[in-house]
Amino acid sequence: MTDYVRTVDAKGATSQVNFIANQEAAFWVRARRNRLLAEWFSDLTDEDSQSYLKLLLDEDFARVESREAERWILLKIRNDLLGFGVLQSLDDLRDRFQRFERQAWLERTG
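Parameters at a glance
Residues numbered from 1 in each chain as written. Predicted model: local features only at pLDDT ≥ 70, side-chain atom pairs only at ≥ 80, totals over all residues. Heavy atoms only, no water. Salt bridge = Lys/Arg side-chain N within 4 Å of Asp/Glu carboxyl O. Helix = DSSP H or I, 4+ residues; strand = E, 2+ residues; numbered from the N terminus. Core = buried A, V, L, I, M, F, W, Y, C linked by side-chain atoms within 4.5 Å. Buried < 20%, exposed > 50% of the residue type's maximum accessible area, 1.4 Å probe, protein only. Contact = heavy atoms within 4.5 Å. pLDDT = per-residue confidence, 0-100.

Tallied over the entire structure, the rule returns four salt bridges. For the salt bridge of Glu107 with Arg32, the shortest nitrogen-to-oxygen distance reads 2.6 Å. Of the two residues, Glu107 is situated in helix H4 (residues 90-109) and Arg32 in helix H1 (residues 3-44); the sequence distance between them amounts to 75 residues. Notably, a salt bridge pairs Asp80 with Lys76, separated by 2.8 Å at the nearest N-O pair.

This is the structure in structure tokens:
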């Protein structure tokens, strides 16, 4: 094997490891963010945080990660809150969503 081939193989392996690490980090952050959302939701309602977390995780991970999935989650939470008589605007929910996501990233990185 030439040095060039070894270098390409090494770069490919490094790229795969980085890709997998980034995917795992994103998964962890989404799960942590959803846990924070479920805890916040249960503080506002009489819903059990574990059952709501399971619902969020099932619905969130069933969708492709995108802005559309984020919007769907926000609409779901807003509609669920309305069912308990709690009014939250989508902007307020988006701010909380982003705050919890930043908190999750900070917890992940250290």
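Among the nonpolar cores identified, the biggest contains 17 residues, and Leu37, Trp40, Tyr52, Leu56, Ile77, Leu81 and Leu93 are the most heavily contacted of them. Sorting the residues of this core by element identifies H1, helix H2 (49-61), helix H3 (67-83) and H4 as the ones contributing at least two each. Leu56 has contacts with Asn34, Leu37, Ala38, Ile73 and Ile77, leaving out every residue within four places of it along the chain.

Moving on, we get to the environment of Ala38. With respect to the secondary-structure elements, Ala38 resides in helix H1. With a relative accessible area of 1%, Ala38 lands in the buried category. Each C-alpha atom of the pair Ala38 and Leu53 lies 5.1 Å from the other, and the pair is 15 residues apart in sequence. Filtering out sequence-adjacent residues up to four positions away, Ala38 remains in contact with Ser49, Tyr52, Leu53 and Leu56.

Our next topic: the environment of Asp48. Assignment of secondary structure puts Asp48 in the loop between H1 and H2. Residue Asp48 is classed as partly exposed on the basis of its relative accessible area of 45%. Residues Asp48 and Ala38, 10 residues apart in the sequence, show an inter-C-alpha distance of 8.6 Å.

Residues at a pLDDT of 70 or more form 80% of the protein, whose mean pLDDT is 81. The lowest-confidence element of the protein is H2, averaging 75 in pLDDT; the highest-confidence one is H4, averaging 94.

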